[in-house]
Amino acid sequence: MIWVTLITKKKPVITAREALTSFCSRFEKLYNQELTDLYSKFNGDISIFQRKSLYKVSIDMIADDDFNLRLTLPYKLGSTKGKEITPNSKEILQLAKDIAHKNKGQILLGTLTARVIHNLKLNFIEIAMLIYNMVEKEVLIPIPVEDLK
């Protein structure tokens, strides 16, 4: 029903193709009626896909989820209150606090990963999983683009 184009500098890896397929599927299911009525009822107004309602998420949120775009944004520290934090995660959190202190509260995951590799005796997969879990638990929270200065 829809055509989505992903423009990259290189041939996309399989995960990018899978993400694109997932995005298309979710978008079509979620906005089926709007796509049907796009050029009649909505007069081609594509802003309907940007609105977040009680029942639907915006197209930006779908893209963030499927393409993990939030991983490229700066992060800020969230609360650890009531959350189970492993000893390794506590060490990563301390490194994140140091980075945030030096960068006006902002933490880039690439910088955090590099610092963890340098300071802790963990392999890259372990580090990636620990940081991912911290993002999932909202110990590390992406800063929305609108809030960036």
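Not measured: the values here are computed from a predicted model. Each residue is numbered by its place in its chain's sequence as written, counting from 1. Restriction of local features to residues with pLDDT of at least 70 applies here, the model being predicted, together with a cutoff of 80 or more for giving and counting side-chain atom pairs; totals for whole chains, interfaces and linings are based on all residues. Side-chain calculation: all heavy atoms of the structure are included, whereas hydrogens and water are not.

Overview of the environment of His118
By the criteria applied, helices consist of DSSP H or I runs no shorter than four residues and strands consist of E runs no shorter than two, each listed in order from the N terminus. Within the secondary structure, His118 sits in helix H5 (residues 109-119). Look at His118 and you get exposed, because its relative accessible area is 66%. Partly exposed describes any residue whose relative accessible area lies between the buried limit of under 20% and the exposed limit of over 50%, with all areas from a 1.4 Å probe on protein chains only and scaled to the type maximum.

Digging into the packing of helix H4 (residues 87-102) against helix H6 (residues 124-136)
How two helices pack is summed up by the angle between their axes together with the distance between the axes. Two elements in contact, H4 and H6, have axes separated by 10 Å at closest approach and are oriented at 80°. With respect to H6, the axis of H4 lies roughly perpendicular. Taken together, the residues of H6 that come into contact with H4 (itself represented by Asn88, Ser89, Ile92 and Leu93) are Leu130, Ile131 and Met134. Only C-alpha atoms enter the line fits that serve as axes; for helices the fit covers just the stretch in contact. Angles between N-to-C directions range over 0 to 180 degrees. Any angle from 65 to 115 degrees is called roughly perpendicular, while one under 35 is roughly parallel, one over 145 is roughly antiparallel, and all others are oblique. Contacts are residue-level and defined by heavy atoms, with any inter-residue pair within 4.5 Å sufficient.

Observations concerning the pattern of salt bridges
We define a salt bridge as a side-chain nitrogen of Lys or Arg found within 4 Å of a carboxyl oxygen belonging to Asp or Glu. For the coordinates displayed, the defined rule picks out one salt bridge. Taking the shortest distance from any N to any O, the salt bridge between Asp66 and Arg26 comes out at 3.1 Å. Taken together, the residues span a long stretch of sequence, with Asp66 in helix H3 (residues 59-67) and Arg26 in helix H1 (residues 14-30) at a distance of 40 residues. Given a relative accessible area of 14%, Asp66 falls into the buried group.

Focus: H5
Taken together, the buried positions of H5 are Leu109, Leu112, Thr113 and Val116. Down the axis, H5 shows its buried residues gathered within 100° of arc, on one side only. Exposed and oriented more than 90 degrees from the buried face of H5 are Gly110 and His118. Buried residues along H5 sit against strand E1 (75-77), H4, H6 and strand E2 (140-142). When we speak of the arc, we mean the arc of directions from the helix axis to the C-beta atoms.

Section: the environment of Ala100
With respect to the helices and strands, Ala100 occurs in helix H4. On the accessibility criterion, Ala100 (9% relative accessible area) is buried. On a C-alpha basis, the gap between Ala100 and Gln50 in space is 31 Å, while along the polypeptide they are 50 residues apart. Setting aside its immediate chain neighbours within four residues, Ala100 contacts Leu77, Gly105, Gln106 and Ile107.

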